[in-house]
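A look at the structure
In case you want the letters, here they are:
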Amino acid sequence: MEFLSKIATNNGHGENSSYFDGWKAYDSDPYHPTNNSHGVIQMGLAENQLCFDLIQEWIENNPKASICTPEGSNDFKDIAIYQDYHGLPEFRNAVASFMEKVRGNKVKFNPDNIVMSGGATGAHETLAFCLADPGDAFLVPTPYYPGYDRDLRWRTGIQLLPVVCESSNDFKITREALEDAYEKAQEANIRVKGLILNNPSNPLGTVLDRNTLTDAMRFINEKNIHLICDEIYSATVFNEPGFISIAEIAEEGAVCKNRDLIHIVYSLSKDLGFPGFRVGIIYSYNDAVVNCARKMSSFGLVSTQTQHLIASMLSDDIFVEKFIDESMKRLAKRHSLFSRGLAKVGIENLKGNAGLYCWMDLRRLLKEPTFESEMELWHVIINEVKLNVSPGASFHCSEPGWFRVCIANMDDETMRIAVSRIHKFVIQKTKLDQATTRKQYKRSKLEISLSFRRLDEFMMTPRMLSSPHSHMTSPLVRARN
Amino acid sequence: MAIEIEKPTVGLSKVAVSDTHGEDSPYFAGWKAYDEDPYDELCNPSGVIQMGLAENQVSFDLLEQYLEKHSEATNWGNRTFGFRDNALFQDYHGLQTFRKAMACFMEQIRGGRAKFNPDRVVITAGATAANELLTFILADPGDALLIPTPYYPGFDRDLRWRTGVKIVPVHCDSSNNFEITPQALEAAYNEAESMNIKVRGVLITNPSNPLGATIKRSTLEEILEFVTSKNIHLVSDEIYSGSTFSGEEFVSVAEVLEAQNYKDSERVHIVYSLSKDLGLPGFRVGTIYSYNDKVVTTARRMSSFTLISSQTQQLLASMLLDETFTANYIKTNRERLKKRYQMIIDGLRNSGIECLKGNAGLFCWMNLSPLLEEPTKESELILWKSMLHEVKLNISPGSSCHCSDPGWFRVCFANMSEQTLQVALTRIHDFMDRRKAMKTSN
């Protein structure tokens, strides 16, 4: 008998995914402007670091928001003792109000339907436990956030089935793709319990349009399955066409026949930049789900110290409006800086208006339109260009050559350096590719191996040879072996 | 007239519709009665006194004093790790300083008789999460954990609800002060085997909830021998370790392991939390300490679902690394709990009620079996209801803790002021007087 459980010994934790190889490379050689200017720049972490100055200012002006300052200490005892899984009423009210503001006050959220969780990570898992049995499935459009594989499947035993989206129509979710995925499940005798939508999308950086949302709503109503809408990036929409929340569609009686099917996942990790505080939220229109999720939230409540801080901050209407507005402007500026920089060397992003990243199209840099080539290119980008970006394959993208590049987790200067490294790389690669093509016309074995050797010299650096991640060194080394 | 169209309902999961969340137990019914009519010294002196909540409110002043001198704001202005870095820190290893602080605090509580390596500390949002997480790691659905009775009612939910793991009770009774015997362990193991259930581990709470007593060293050694011989795990929930009335009487499984040079330690895992010892249940600070590397790695990965707020980690790291503060806190907390315990034991004895001899925890284990009409669970619940509605005290019936001997009740004493405790004792005294009078007149 195994000493540990099946869950403990399987790969459901997801850390064997390539998604983490880049992080390891970064961890062993992190970029620093003065101490390590040739290090790897972290562009694989979707963090929002653009507005901390605003937060810092608010914190300094509001010492009462902390129960551990002289000004706030009167509240310490009551807050520290409060372990009610409903959460502090002022916390729920503030979160509901914030969510409404982010949606331009076009919808209303009832604080009594707000349930806490251990980050959005905990929220997803909790909803899966509430809505599906082991062996059941959720449909999820590709490409999607790799964490879903762990969050929704690991301990719950449920399956994720892809709804395939393609670049030919900008990765929009089509009714056909939904039906296709559903039918495949039926044929395989798998019970589908729900559909996951991520809006705005990670990794695409786009928002769902009204038609898609309406179609999805009709689809889930017809099939009588749940709809989980992950709106964790809702306040990162920085451009037209603007954000339409599923909450808006849910309030349209003609389209939404059964609100008991609708559940929203939210968190403050992206919009506010507080991933460390573990503020996850489940908002469900289904009272039974609210009750069940609330009981389960005992396994992942938000620290009351943090609830208190957030309640103060988010009930400051003036601050909130200023923050949302300024955050939007800074994201727009950052996005533009990056996109224009890439465009200069002929690299396109998917046209996006949200999120903390770009969905970069590097298809023309692939040796062949295969995932092996994508992996090779990725290793070059990490080891040679020294940027940790995330390959499309880790997001289950159906087409090779797409990469997610995070752009909000660094300052302007670092961003410029990242862009210039990409410039250099693309220019050099284009030249080399051209040189290689010319040599190939001669069809000489000797000349082919000569050009390989030249590429070797270009690619191989002492650092790469001695890299602890030797299994990730240049694919050309492997080819030689 | 409009016709009502029935909305099609979509089923929730089996887990969602089961009642394994446990909220229908009397343990919680008493809470509801309290919520509807809560005692207040001034505004509602005849309300229900909450004695069913194991909270530690006797030492808050010490925490408040500390915070007055160490404002969180100074942390936030820190250049090297201020608010921003704290808010961004989401590494599931947890802050290194926090892990070090927890390890140090746990060592101090054990009088330095055991060492804890900060790299084996895994953080979770409360012991509730820690216990569930360990269960996911140590057992498959359908497997079982053996738990000595009586035990904390929350285990029924924490260990079973979402995991699908079963609990098989190890029966302990009043004939030997509810001590855990090798025979009882064997009997439980065999019972599981006869039902074709795979036992994956034993879970003990030391000091015990609801008994309010520490487990003897010899018993711990016997339990370790037992789990080793069966090649199963041992989880020791030591959440009340800082709430023993004297420092010397508590023996942690960590000490027993150290004494045997950590032989067979890869099967042992300790759960800890600051909810009881420090009285901070709202902050959700739980930890798993495992001697098994694979368990540490896996638990750490799973803790992604239930991390401690970095804001809270930061605050507690500073506090618990301040050894002057912690030494004074541990000592003072113990003294005050001991005083409270003495007060309630004396008060109950004056009313003719005996309790199990206790030496730890935030409650005493009261014996009301002489008052039962019949030695049955039903009689116990009748008595419980009259305590709740007549005497207006919410105490926890032994049956909700799966106690096999009817008539025992857990009574919490650290979640109220001394005055309130006195009111409760007076009410009990009057209740017992009335019963004596009724008996005499009959």
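Reading the values: rules and limits
Residues numbered from 1 in each chain as written. Chains lettered and ligands numbered in written order. Predicted model: local features only at pLDDT ≥ 70, side-chain atom pairs only at ≥ 80, totals over all residues. Heavy atoms only, no water. pLDDT = per-residue confidence, 0-100. Contact = heavy atoms within 4.5 Å. Phe/Tyr/Trp six-rings, centres within 6.5 Å; stacked < 30°, edge-to-face > 60°. Helix = DSSP H or I, 4+ residues; strand = E, 2+ residues; numbered from the N terminus. Buried < 20%, exposed > 50% of the residue type's maximum accessible area, 1.4 Å probe, protein only. Axes fitted to C-alpha atoms, helices over the stretch in contact; angles between N-to-C directions. Parallel < 35°, antiparallel > 145°, perpendicular 65-115°, else oblique. Nonpolar A, V, L, I, M, F, W, Y, C, P; charged D, E, K, R; others polar. Core = buried A, V, L, I, M, F, W, Y, C linked by side-chain atoms within 4.5 Å. 1 Å grid on protein atoms, 1.4 Å probe; cavity = no way out; pocket = protein on both sides within 12 Å on 5 of 7 lines; lining within 4 Å. Points joined across faces, edges and corners; volume = space filled by probe spheres on them. Salt bridge = Lys/Arg side-chain N within 4 Å of Asp/Glu carboxyl O. Polar contact = N/O pair within 3.5 Å; in protein donor to acceptor, adjacent residues only side chain to side chain.

Here's the deal with the confidence of the model for chain B
Reading fine detail from the predicted coordinates is not recommended where pLDDT is low. When pLDDT is averaged along chain B, the result is 93; 95% of the residues meet or exceed 70. Contacts of residues 1-8 of chain B to residues separated by more than four positions or lying in other chains number five contacts, the stretch itself having pLDDT below 50.

Remarks on the packing of aromatic side chains
Residues and elements named next belong to chain A. This model, assessed by the stated rule, comprises 33 aromatic pairs over all chains. Ring plane angle 85° and centroid distance 5.1 Å describe the contact between Phe171 and Trp402, whose orientation is recorded as edge-to-face. Here Trp402 lies in strand β13 (residues 402-406) and Phe171 lies in the loop between β4 (159-163) and α8 (175-187), a separation of 231 residues in the sequence. Look at Trp359 and Phe395: their rings are 5.8 Å apart centre to centre, the planes differ by 85°, and that puts the pair in the edge-to-face class. Taken together, the positions of Trp359 in strand β10 (residues 357-361) and Phe395 in the loop between β12 (390-391) and β13 put the pair 36 residues apart, joining distant regions of the chain. Across the pair, Phe395 and Trp359 agree in class, each one buried.

Topic: the packing of helix α3 (residues 60-69) of chain B against helix α13 (residues 310-321) of chain B
All names here are of chain B. Relative orientation of the contacting elements α3 and α13 amounts to 100°, with a least axis distance of 12 Å. Of the possible angle classes, the one that applies to α3 and α13 is roughly perpendicular. Each of Leu63, Tyr66 and Leu67 in α3 lies in contact with α13, whose residues at this interface are Leu315, Ser318 and Met319. Here the contact of α3 with α13 is built from residues that sort into five nonpolar, one polar and no charged.

Points about the environment of Phe171 of chain A
Residues and elements named next belong to chain A. Judged by its relative accessible area of 3%, Phe171 is buried. Along the chain, Phe171 and Pro141 lie 30 residues apart, while their C-alpha atoms are 9.1 Å from each other. When near neighbours in sequence (up to four residues on either side) are disregarded, Phe171 contacts Pro143, Cys165, Glu166, Leu204, Leu350, Trp359, Cys397 and Trp402.

Observations regarding the nonpolar core
Counting residues in each nonpolar core, the largest one holds 275 residues, and the members touching the most others are Phe76, Phe138, Leu195 and Phe274 of chain A together with Met51, Val202 and Ile344 of chain B. When residues of this core are assigned to their parent elements, the largest contribution, nine residues, is made by helix α14 (residues 323-350) of chain B. Discounting residues that sit within four places of it in the chain, Phe274 of chain A has contacts with Phe52, Ile55, Leu268, Ser269, Ile310 and Met313 of chain A together with Phe83 and Ala87 of chain B. Counting 31 residues, the second-largest nonpolar core is a separate cluster that includes Leu362, Leu366, Phe403 and Phe425 of chain A.

Observations regarding the confidence of the model for chain A
Mean pLDDT over chain A works out to 90, with 91% of the residues at or above the 70 mark. Counting interchain partners and residues more than four positions distant, the pLDDT-below-50 stretch residues 451-481 of chain A has 34 contacts.

Description of unusual backbone geometry
Residues and elements named next belong to chain A. With an omega of 15°, the peptide bond running from Asn202 to Pro203 counts as cis. Structurally, Pro203 can be placed in the loop between β5 (192-198) and α9 (210-223). For the bond running from Glu240 to Pro241, omega is 10°, close enough to zero to count as cis. For Pro241, the position within the fold is in the loop between β6 (226-230) and α10 (246-250). Even without glycine at this site, His396 takes up a positive phi of about 60°. Its place among the elements puts His396 in the loop between β12 and β13. By relative accessible area, which is 35% here, His396 ends up partly exposed.

Description of empty space enclosed by the protein
On inspection of all chains with the given rule, the structure shows six cavities of 30 Å³ or more. Roughly 100 Å³ of internal volume is contained in the largest cavity. What lines the largest cavity is a set of 16 residues, and nearest its centre among them are Glu125, Phe299 and Gly300 of chain A together with Arg162 and Phe305 of chain B. For the lining of the largest cavity, the secondary-structure elements that each account for two or more residues are β2 (114-118) and α6 (119-131) of chain A together with α7 (127-138) of chain B. The class makeup of the residues in the lining of the largest cavity is five nonpolar, seven polar and four charged. In this model, the second largest cavity occupies a volume close to 70 Å³. Lining the second largest cavity are Met360, Leu362, Leu365, Ile381, Val385, Leu387, Val389, Ile422, Phe425 and Val426 of chain A. When residues of the lining of the second largest cavity are traced back to their parent elements, those giving at least two are α14 (371-385) and α15 (412-441) of chain A. Top contributing element to the lining of the second largest cavity by residue count: α15 of chain A, with three residues. The residue makeup of the lining of the second largest cavity, split by class, is ten nonpolar, no polar and no charged.

Points about the interface of chain B and chain A
Tallying the contact residues gives 76 residues for chain B and 75 residues for chain A. Across the contact surface, chain B and chain A share three salt bridges. A salt bridge links Asp133 of chain A to Lys14 of chain B, with the nearest nitrogen and oxygen atoms 3.4 Å apart. Here chain B is connected to chain A by 25 residue pairs in polar contact (both at pLDDT 80 or more). Top contributing element to the side of chain B that touches chain A by residue count: α7 of chain B, with seven residues.

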